[in-house]
Amino acid sequence: MSRRLFAALLVGAAALTFGPSPAGAQAPIRIGAVLSVTGPASFLGDPEARTLRLYIDRINQAGGVLGRRLELVLYDDGGDANRARTFATRLVEDDRVVAMVGGTTTGTTMAMIPVFEEARIPFISLAGGIEIIEPVKPFTFKTPHTDKMACEKIFEDLRKRGLTRVGLISGTGGFGASMRTQCLRVAPAFGITIVADERYGPGDTDMTPQLTRIRNAPGGVQAVVNADFGQGPAIVTRNFAQLGLGVPLYQSHGVASRSFIELAGPAAEGVRLPAAALLVAEQLPDSDPQKRVVMEYKQLYESTQNQPVSTFGGHAYDGLMILIEAIRRAGSTDGVRIRDAVRQTRGFIGTGGVVNMSETDHMGLDLSAFRMIEIRNGTWRLLD
Amino acid sequence: MDQLLQFVFSGLTVGAVYALVALGFTLIYNASDVINFAQGEFVMLGGMVTVFAVAAGMPLPLAALVAIAVAVATGLALHRLAIEPARGASAVTLIIVTIGASILIRGLAQMVFDRQFHALPAFTGEEPIRVLGASILPQSLWVLGGAAAIVLALWLFMERTLLGKAVRATAANRLAARLVGIDTTLVLALAFGISGAIGAIAGILITPITLTSFAVGTLLALKGFAAAMLGGMGNPVGAVVGGLALGLLESLAAGFISSTYKDAVAFLVILGVLFVLPQGLFGRRAVERV
């Protein structure tokens, strides 16, 4: 509640500062958000919430949308799917939002989908799981890359290097388990043989037994892929260096933050991972279509929030902008017409990639959205 | 062969930490029949305080001393503010008090420090030592050596000092100890203080290998408790053997059977042992005289 009040005050203050604007004349367009600002997924939800507040203020200062102000109604589910669903119902029934951006984790998103589908309100999720958009649900979209794409991008890179025998090591948490399934599924299409499939628990502190098994896999191993986020990959990377496996190590987009390099230390040198262009904004060539967008977002976020930009906040930027453009194109706040307009998004350049939605693709990203990155001298280097 | 050796190195390093946590359980259990579930938080405090003291510019040895002091103070405060006022309550009530204390300490750590994971630099380099095709980190030797030193120091204290004998007397029979003039309240406070120090040292030694965050204590307390039960609650030798055995079981199960079910395998073995020997490997037989 206090957040809403705060947002309203901010908007009010903006209106006072910038004098009477046409945006104040009509009732505001209400956009809902349920994010995991606190709790275990706060490192995802916090930058998402900051991004939404930042950009909604800016859009209002520039005159709003369709001549109306935007109003953000944001709730914090603390990472709890039950609370997310309660807030979703409140957004639909009490707050009467016209569209929804958010759902930080796959768990909270899946809990909220039925509410928005039933109310026929467009819902743009910021979570990674592929089950959000497969099968396609009429009103549900998402902006982040899927774990399946991460597997494909890694395997594509392996194929380029002529490496086919891969050892897989994954965490048993939701993200690691899901990515493991996807990697096992798409491996044959890239001519990859998974010669070892090892797992570790969420609190495990030593993965040398698993990595030893991978090293001794019958027939030998040519590369190792680690599917997980958090501290697990940092320990795997350290153990990997300790054992001296001498083959390339690939991590997932789940470790695309500064803290991974700090935790893994010198062992992180040479590790490769697929990640969004935002991670290497400065290194993009000027000809890259995403260069301008990611640099603008990065500079604005870092100068106003006093913290380094993350790809997670970028997903919120993409979701909000896709929605705003769709409302402008639809010229209406009717749920079905906004949905149709979101679906017609073509060539939208976001921080996560170039988005081309369709009736059968409610994410709209292809493999070009992922960049292959290598850690060199303690920092990210763009490879392709 | 090199494979087996690698699993043994891994198991012993992890097991040494379980052993130290189990030792902390044992000390307090002997002095008071209380199972202190805040034991894991001492390990967390050891690691986190050191990390933040180093980040604030302190040299590592000084930061480690500060961390041990903080953990000892926390142990003493836990005794003075939570256990002592509830004196006379049943052991179960006191155990619940320690669970509450562990949640409180974790919550405070989350506010005072942060929610991120942190690492410490290894004490003597990161270059692994190769032994017969297996590799071990120098830091693992620190963990093993540190654990051995703590066990030895504790043994000397218990066997060779008057205060240590008072602790053993209290463990053997509290009423009799009080009758011969031993201040059992002091002994209990001492047990909490020493447990805090042991936990903190364990935390400092393993942080360069395992990383630390405000939440690492919960799992360590659980594993340390399982180790103490396996060895026989109340027996210091049992705590050490139980800890090392649990660590070895986990790594051998992950290495030879299945990494998915390694925890299940370890706990199945513990259940099996307790089924045959309900008092644990080295536990005293509880005989009720009627």
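Only a predicted model underlies this, so the values are computations on that prediction, with no experimental measurement involved. (Residues numbered from 1 in each chain as written. Chains lettered and ligands numbered in written order. Predicted model: local features only at pLDDT ≥ 70, side-chain atom pairs only at ≥ 80, totals over all residues.)

Caption draft 1: Up close: the pairing of strand β14 (residues 379-382) of chain A. Residues and elements named next belong to chain A. Here four bridges tie strand β13 (residues 371-376) to β14, and the two strands are oriented antiparallel to one another. Opposite R376, over in β14, you have T379 as the bridge partner. Between β13 and β14, which pair antiparallel one after the other, the connecting turn spans two residues, and N377 there sits at a positive phi close to 50 degrees. (Pairing = 2+ DSSP bridges. Helix = DSSP H or I, 4+ residues; strand = E, 2+ residues; numbered from the N terminus.)

Caption draft 2: Summary view of the packing of helix α2 (residues 39-55) of chain B against helix α8 (residues 184-210) of chain B. All names here are of chain B. Relative to each other, α2 and α8 sit at 50 degrees, their axes nearing to 7 Å. One way to sum up the angle between α2 and α8 is to call them oblique. Two packed elements cross with a definite hand, and for α2 against α8 that hand is right-handed. Here Q39, F42, V43, M44, L45, G46, G47, T50 and V51 of α2 lie close against α8, whose contacting residues are S195, G196, G199, A200, I201, A202, G203, I204 and T207. In terms of residue class, the contact of α2 with α8 is built from nine nonpolar, nine polar and no charged. (Axes fitted to C-alpha atoms, helices over the stretch in contact; angles between N-to-C directions. Parallel < 35°, antiparallel > 145°, perpendicular 65-115°, else oblique. Left-handed = near helix turned anticlockwise from the far one by under 90°. Contact = placed C-beta atoms within 7 Å. Nonpolar A, V, L, I, M, F, W, Y, C, P; charged D, E, K, R; others polar.)

Caption draft 3: Looking closely at the domain arrangement of chain A. Residue and element names in this part refer to chain A. Domain parsing of chain A yields domain 1 (2-145 + 292-369) and domain 2 (147-275). Its C-alpha centre places domain 1 at a distance of 32 Å from the equivalent point of domain 2. In this assembly, ten residues from domain 1 lie in contact with 15 residues from domain 2. Of the residues belonging to the side of domain 1 that touches domain 2, the class tally is three nonpolar, seven polar and no charged. (Domains from an automatic or database assignment.)

Caption draft 4: Quick peek at the interface of chain A and chain B. Taken together, the 23 residues of chain A in the interface contact 22 residues of chain B. Looking at the side of chain A that touches chain B, the elements with two or more residues in it are β7 (193-200), α7 (208-215), α8 (231-243) and α9 (258-264) of chain A. A class-by-class count of the residues in the side of chain A that touches chain B yields seven nonpolar, twelve polar and four charged.

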